[in-house]
Amino acid sequence: MEVTFNQLAIRKLKEAMEGQEAKGMKVRLVVNHVHGDHAHYSVTLSAPTAHDEVVDAGGLEVLLDRRQSEWLDGVQVKYLLYPEEGWKITNPRKNNHGDH
């Protein structure tokens, strides 16, 4: 599976992983909800499971649940400062071009 993270997203996630509560955890890309031809996503910290594929996203190890590969392959994760600061997670391969 292929996912991409912009540099600011990688930096924000690496900062989040520096805390004691993140010890032993990895970044996980999650499909929260699927409807129609697109999904809603989030990023969290999690321990690996037997269903995970670990991918390198610009020096950041990311967990992807193989059971959700249809929706995770092609996801783009960005942390933006403009027009509003925050996360933008989309999958253009799945007609998901908006803020999801």
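Residues numbered from 1 in each chain as written. Predicted model: local features only at pLDDT ≥ 70, side-chain atom pairs only at ≥ 80, totals over all residues. Heavy atoms only, no water.

Chemist: Help me get a handle on the sheet that holds strand β2 (residues 26-35), residues and values and all.
Modeler: The sheet built from four strands is open, its strands ordered β3-β2-β5-β4 with mixed pairing. Every interior strand has two partners, whereas the edge strands, β3 (38-46) and β4 (52-56), have only one. Taking the axes of each pair of neighbouring strands and ignoring which way they run, one obtains an average angle of 30° across the sheet. (Pairing = 2+ DSSP bridges. Helix = DSSP H or I, 4+ residues; strand = E, 2+ residues; numbered from the N terminus. Axes fitted to C-alpha atoms, helices over the stretch in contact; angles between N-to-C directions.)

Chemist: An account of the environment of Val75 is needed here, citing residue identities and associated values.
Modeler: Mapped onto the secondary structure, Val75 falls in the loop between α2 (69-72) and β6 (76-80). Distance from Val75 to Arg93, taken between C-alpha atoms, is 7.9 Å for residues 18 residues apart in sequence. Not counting residues up to four positions away in its chain, the partners in contact with Val75 are Glu2, Val3, Thr4, Leu29, Tyr41, Ile89, Thr90 and Asn91. (Contact = heavy atoms within 4.5 Å.)

Chemist: So what's going on with the packing of aromatic side chains? Which residues, and what values?
Modeler: On inspection of all chains with the given rule, the structure shows one aromatic pair. Considering the side-chain rings of Tyr79 and Trp87, the 4.9 Å spacing of their centres and the 80° angle between planes classify their relative orientation as edge-to-face. Taking the relative accessible area as the measure of exposure, Tyr79 reaches 11% and is therefore buried. A cation over a ring is seen here: Lys94 above Trp71, with NZ or CZ 4.7 Å from the ring centre. (Phe/Tyr/Trp six-rings, centres within 6.5 Å; stacked < 30°, edge-to-face > 60°. Buried < 20%, exposed > 50% of the residue type's maximum accessible area, 1.4 Å probe, protein only. Lys NZ or Arg CZ within 6 Å of the ring centre and 35° of its normal.)

Chemist: Run through the pairing of strand β5 (residues 61-65), naming residues and quoting values.
Modeler: In terms of burial, β5 is largely enclosed, as four of its five residues are buried. Sheet topology note: the β2/β5 ladder contains two bridges and is parallel. From the neighbouring strand, Val27 faces β5, where its bridge partner is Val62. Pairing between β4 and β5: five bridges, direction antiparallel. Within β5, the residue paired with Glu53 across the bridge is Leu64. Between β4 and β5, which pair antiparallel in sequence order, lie four residues; one of them, Gly58, sits at a positive phi of approximately 65°.

Chemist: Now, about unusual backbone geometry: what can you tell me, with residues and values included?
Modeler: The bulk of non-glycine residues show a negative phi, and the bulk of peptide bonds are trans. The step from Tyr82 to Pro83 runs through a cis peptide bond, and the omega angle for that step is 0°. With respect to the helices, strands and loops of the structure, Pro83 is situated in the loop between β6 and β7 (86-90).

Chemist: Any details on the sheet that holds strand β1 (residues 4-5)? Residues and values, ideally.
Modeler: Strands pair in a sheet through their backbones, by hydrogen bonds, and they do so in one of two ways: parallel or antiparallel. Pairing within the open sheet is mixed, and its three strands lie in the order β1-β6-β7. Among the strands making up the open sheet, the edge pair consists of β1 and β7. As defined by bridge partners, β6 adjoins β7 across five bridges and the pair is classed as antiparallel. Each bridged residue has a counterpart across the sheet, and for Leu80 the counterpart in β7 is Gly86. Packed onto the sheet, helix α1 (residues 7-16) meets β1, β6 and β7 and runs at close to 80° relative to β6.

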